[in-house]
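Chain by chain, the residues run as shown.
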Amino acid sequence: MVTTTGTEELEAGKDSTPYDRISEVKAFDESKLGVKGLLDSGVTKIPRMFHSANLDPTETLQSDNSNKFNAVPIIDLQGIHTNSSLRGEVLHKIQSACKEWGFFQVINHGIPVGVLDEMISGIQRFHEQDGDVRKGFYSRDYNNKVRYFSNGSLFKDKAANWRDTIAFFMSPDPPSPEEIPQVCRDIVLEYSEKVRALGFTIFELFSEALGLNPSYLNEMDSIDGQFILCHYYPACPEPELTMGTSKHTDSDFMTILLQDQIGGLQVLHENQWVDVPPLHGSLVVNIGDLLQLITNDKFISVYHRVLSRHIGPRISVASFFLNASSQGTSKVIGPIKELLSEENPPIYRDATMKDVLAHYYEKGLDGNSSLQPFRV
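Remember, it's a predicted structure, so these values are computed and weren't measured experimentally.

Asker: Break down the packing of aromatic side chains for me, citing the residues and quoting the values.
Answerer: Across all of its chains, the model carries eleven aromatic pairs by this definition. Arranged with centres 6.4 Å apart and planes meeting at 80°, the rings of Phe-104 and Phe-206 form a pair that is edge-to-face. Linking Phe-104 in strand β2 (residues 103-107) with Phe-206 in helix α7 (residues 185-209), this pair joins segments that are 102 residues apart in sequence. You'll find Phe-104 and Phe-206 in the same group, each marked buried. On the numbers, 5.3 Å between centres and 75° between planes, the contact of Phe-126 with Tyr-148 is edge-to-face. With Phe-126 in helix α5 (residues 113-127) and Tyr-148 in strand β3 (residues 146-149), this pair connects stretches of sequence that are 22 residues apart.

Next comes the structure, spelled out in structure tokens:
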């Protein structure tokens, strides 16, 4: 089991002692116990591999969320299927939120609160099982439809993040129920089905907000897929030294996020980090890089991050919408022709999803936009 590096190693940067990051990362990964294993071992100092360079606590400027003009929009979906006037209002709010924020929260979305709460509980049950049970699911093999790991780009990133993850690749080729851990099997199957249906509804609203046929986005093969990352952020003994999740954008078309009540998620808006406060029963929706590309910047994919906290664990469940199969990633995507004109020429060149995603994963969580190489 990995415990922690000694104080001498952690402070190697202060003297001439060489620091062997590769060995530390390798030992951590081979433990197959993740950050939870470190915490269970009794660490009071975080290993140096988690130290984020230039992490300035003063940078965590949090806006006054009581100011409604500087808060992530909350959109009520009540009545959108039966009341055309309400639907029109929602479309206007979505159009504004996607252009100005790239983030919004939805309430009255149709998924019962009990299902949301049980999903959080199920993921917590998985991560708090005996370590030997968790180890059986630990893998970095992307062909596995269910896999447990800590930090997807652990060997590329300059600093590891203080979190563990279990991933489920649910569509277009789902795992068999038996592949899903028994402690969360039923709720993962139920939640994934319900959030997928909500995703279809939101893509309809996106299509209409863009002035397209309501079915436009849902008919794109490249969008028709879903994978879920279920994060576990343990309490951190030194949160000022590391991040829960580094600054990044999402590589997909859209993400629907379920978060518990701990907080820590922030979005970069007008060069200021703004909290996305937990709202029980709500879901967070954000635009991914691929949707920014095909909408020619009408919708924006924005930077966000998760702070480490002394308290925990924080649980979140991110459902990513894109077809990550070889058939899906072979599709060529580019700005939607119906959105282009002489006044609005294409900002991006056509590219395969595979190329866009390969660049995203190759660069890791380096805080830079993955779309830059694809600009015209």
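Asker: Describe in detail helix α10 (residues 353-363), supporting the description with residues and values.
Answerer: Listed as buried for α10 are Met-353, Val-356, Leu-357, Tyr-360 and Lys-363. Down the axis of α10, the buried set is contained in an arc of 140°. They therefore lie on one face. Exposed and facing more than 90 degrees away from the buried side of α10 are Lys-354 and Glu-362. Looking at the packing, one finds that the buried side of α10 touches β6 (243-248), α8 (289-294), α9 (326-329), β13 (332-333) and β14 (351-352).

Asker: Which residues make up the packing of helix α4 (residues 84-100) against α7, and what values do they have?
Answerer: A pair of packed helices is captured by two measures, namely the crossing angle of their axes and the spacing between those axes. Viewed as axis vectors pointing N to C, α4 and α7 meet at an angle of 80°, and their least axial separation amounts to 9 Å. Considered as vectors, α4 and α7 are oriented roughly perpendicular to each other. On α7, the residues that touch Arg-87, Val-90, Leu-91, Ile-94, Gln-95 and Cys-98 of α4 are Glu-204, Leu-205, Phe-206, Glu-208 and Ala-209.

Asker: Please set out the environment of Cys-98 residue by residue, giving values where relevant.
Answerer: Here Cys-98 shows up in helix α4. Taking the C-alpha atoms as reference points, Cys-98 and Lys-298, separated by 200 residues in sequence, lie 7.7 Å from one another. Leaving out residues up to four positions away in the same chain, Cys-98 has contacts with Phe-104, Phe-206, Ile-287, Lys-298, Phe-299 and Ile-300.

Asker: Requested: an account of helix α2 (residues 21-31), with residues and values cited.
Answerer: Of all the positions in α2, only Arg-21, Glu-24, Val-25, Phe-28, Asp-29 and Ser-31 are classed as buried. Projected down its long axis, α2 shows its buried positions confined to an angular sector of 160°, all on one face. Every exposed residue of α2 that faces more than 90 degrees away from the buried side is listed here: Ile-22 and Glu-30. Where α2 is buried, its residues contact α3 (34-40) and α6 (131-135). At the C-terminal side of α2, Lys-32 shows a positive phi close to 60°.

Asker: So what about the pairing of β2? Which residues, and what values?
Answerer: Taken across its five residues, β2 has four buried, putting it largely inside the fold. Examined bridge by bridge, strand β1 (residues 74-76) and β2 share three bridges and lie parallel to one another. Of the residues in β2, the one forming a bridge with Ile-75 is Val-106. Assessed by its sense of winding, the connection that carries the chain from β1 through α4 to β2 is right-handed. One ladder, built from four bridges, connects β2 with strand β10 (residues 283-287); its direction is antiparallel.

Asker: Tell me about the nonpolar core, and please be specific about residues and values.
Answerer: A general feature of soluble globular proteins is that nonpolar side chains tend to end up buried together. Formed by 88 residues in total, the largest nonpolar core has its most connected members in Phe-168 and Phe-206. Ranked by residue count, the leading element in this core is α7, at ten residues. What Phe-206 contacts, discounting residues up to four positions off in sequence, is Ile-94, Cys-98, Phe-104, Leu-217, Met-254, Val-285, Ile-287, Leu-291 and Phe-299. Judged by nonpolar contacts, the second largest core, of twelve residues, contains Val-35, Phe-50, Trp-162 and Cys-236.

Asker: Quick one: what's the story with the pattern of salt bridges, residue by residue and with numbers?
Answerer: According to the stated counting rule, one finds eleven salt bridges in the structure shown. When the shortest N-O distance is used, the salt bridge between Arg-196 and Asp-224 registers 3.0 Å. In this pair, Arg-196 sits in helix α7 while Asp-224 sits in the loop between α7 and β5 (226-233), placing the two residues 28 residues apart along the sequence. Here Lys-331 makes a salt bridge to Asp-221, at a shortest N to O gap of 3.5 Å. Here Lys-331, found in the loop between α9 and β13, pairs with Asp-221, found in the loop between α7 and β5; they are 110 residues apart in sequence, far enough to count as distant.

Thresholds applied
- Note on numbering: residues in each chain are counted from 1, in written sequence order.
- Totals for whole chains, interfaces and linings use all residues, but because this is a predicted model, local features are given only for residues with pLDDT of at least 70 and pairs of side-chain atoms are given and counted only at 80 or more.
- With hydrogens and water set aside, each side-chain value is computed from the structure's full complement of heavy atoms.
- Pairing of aromatic rings covers Phe, Tyr and Trp, the last through its six-membered ring, and needs centres within 6.5 Å; plane angles under 30 degrees mean stacked, over 60 mean edge-to-face, and all others mean tilted.
- Where helices and strands are cited, they refer to DSSP runs of H or I of at least four residues and of E of at least two residues respectively, numbered from the N terminus.
- Relative accessible area decides the class of each residue, using a 1.4 Å probe on protein chains only: under 20% of the type maximum gives buried, over 50% gives exposed, and in between gives partly exposed.
- Each C-beta atom gives one direction from the helix axis, and the arc is the one those directions make.
- Contact definition: two residues touch when any of their heavy atoms are within 4.5 Å.
- Angles shown run from 0 to 180 degrees and are taken between the N-to-C directions of axes, each axis being a line fitted to C-alpha atoms and, for helices, limited to the stretch in contact.
- With respect to orientation, any angle under 35 degrees is reported as roughly parallel, any angle over 145 as roughly antiparallel, any angle of 65 to 115 as roughly perpendicular, and every other angle as oblique.
- Strand pairing is defined by DSSP finding a minimum of two bridges between the two strands.
- When the strands point away from the viewer, a crossover counts as right-handed if the path from the first strand over the helix to the second runs clockwise.
- In this description, a nonpolar core means a group of buried Ala, Val, Leu, Ile, Met, Phe, Trp, Tyr and Cys residues linked to one another through side-chain atoms lying within 4.5 Å.
- Definition used for salt bridges: Asp or Glu carboxyl oxygen within 4 Å of a side-chain nitrogen of Lys or Arg.

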